[in-house]
Amino acid sequence: ATRLLDWGFANYSVYTKEGEELDGISVTGGTQNTLKAKYNDFSCVTDKSLASKIEYKTELPDTVVAPVKDGEKIGEVVFTCDGKEIGRADIIATEEVKKIGYFDVWLRMLGKYLLK
């Protein structure tokens with residue numbers, strides 16, 4: 001059992017990517033134009049020789065359509081190694097954005113033209 005554990009620790013390692021906060025994600029039809037989001041930490045066990053080849057790509061739409069709830073999934077971070085997917089982490093909204101109403105649109109337009 002000791003030799004098997006020694007072999008495992010010698011040949012494998014844990015890859016960890018800390019989660020990040022994302023700002024400025026564009027929102028369409030909301031009471032605000034952008035929102036904040038985050039993704040959580042990601043970790044996996046991998047061969048030590050492949051650990052340096054791990055890449056990640058953020059998959060987010062160009063804009064998110066309101067309403068958006070706090071905690072709602074809006075995208076994913078995809079982790080790959082040598083072109084093969086090894087895992088995903090959800091990108092979730094960290095704030096709520098309500099759908100803009102007629103009165104809010106009117107106030108926004110009025111403020112835009114009066115404050116020029």
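Residues numbered from 1 in each chain as written. Predicted model: local features only at pLDDT ≥ 70, side-chain atom pairs only at ≥ 80, totals over all residues. Heavy atoms only, no water.

**Examining the overall build of the chain**
Now for step 1: A tally of regular secondary structure across the chain gives 2 helices and 8 strands.
Now for step 2: N-terminal to C-terminal, the α/β element order of the chain is α-β-β-β-β-β-β-β-β-α.
Now for step 3: The C-alpha radius of gyration computed for the chain amounts to 21 Å, which surpasses the reference 13 Å derived for 116 residues by more than 25%, pointing to a less compact arrangement than a globule.
Now for step 4: Evaluated residue by residue, the chain yields a buried proportion of 24% over its 116 residues.
Now for step 5: Sequence separation of 24 or more characterises 62% of the internal contacts of the chain that already satisfy a separation of 6 or more.
Now for step 6: Element-wise, carbon and sulfur atoms account for 53% of the exposed surface of the chain, whose accessible area totals about 8300 Å².
Now for step 7: Taking the average location of the 16 positive side-chain charges in the chain and that of its 19 negative ones, the two points are 4 Å from each other. (Helix = DSSP H or I, 4+ residues; strand = E, 2+ residues; numbered from the N terminus. Rg over C-alpha atoms; globule rule 2.2 N^0.38 Å. Buried < 20%, exposed > 50% of the residue type's maximum accessible area, 1.4 Å probe, protein only. Contact = heavy atoms within 4.5 Å. Areas by Shrake-Rupley, 256 points an atom, 1.4 Å probe, with all protein chains shown as cover. Lys, Arg positive; Asp, Glu negative; His and termini not counted. Charge placed at Lys NZ, Arg CZ, Asp CG, Glu CD.)

**Here we look at unusual backbone geometry**
Now for step 1: The linkage connecting Ala66 with the following residue, Pro67, adopts the cis geometry, with an omega of 5°.
Now for step 2: Looking at where Pro67 falls in the secondary structure, it is placed in the loop between β6 (64–65) and β7 (73–81).
Now for step 3: One non-glycine residue, Asp82, lies in positive phi territory at about 55°.
Now for step 4: Mapping Asp82 onto the fold places it in the loop between β7 and β8 (84–93).

**Some points on the packing of aromatic side chains**
Now for step 1: Per the counting criterion, the structure on display carries 5 aromatic pairs.
Now for step 2: Ring plane angle 25° and centroid distance 6.2 Å describe the contact between Phe103 and Trp106, whose orientation is recorded as stacked. Of the two residues, Phe103 and Trp106 both sit in helix α2 (residues 102–114), 3 residues apart, roughly one turn of that helix.
Now for step 3: Overall, the relative accessible area of 44% leaves Trp106 in the partly exposed class. (Phe/Tyr/Trp six-rings, centres within 6.5 Å; stacked < 30°, edge-to-face > 60°.)

**Looking at the nonpolar core**
Now for step 1: Ile25, Leu35, Val68, Ile74 and Ile91 are the most contacted members of the largest nonpolar core, which has 21 residues in total.
Now for step 2: Every element with two or more residues in this core is listed here: β2 (20–28), β3 (34–39), β4 (42–47), β7 and β8. (Core = buried A, V, L, I, M, F, W, Y, C linked by side-chain atoms within 4.5 Å.)

**Focus: the environment of Ala66**
Now for step 1: Within the secondary structure layout, Ala66 lies in the loop between β6 and β7.
Now for step 2: With 48 residues separating them along the chain, Ala66 and Leu114 place their C-alpha atoms 26 Å apart.
Now for step 3: With near-sequence residues (within four places) excluded, Ala66 lies in contact with Val27, Thr28, Gly29, Gly30, Val97, Lys98 and Lys99.

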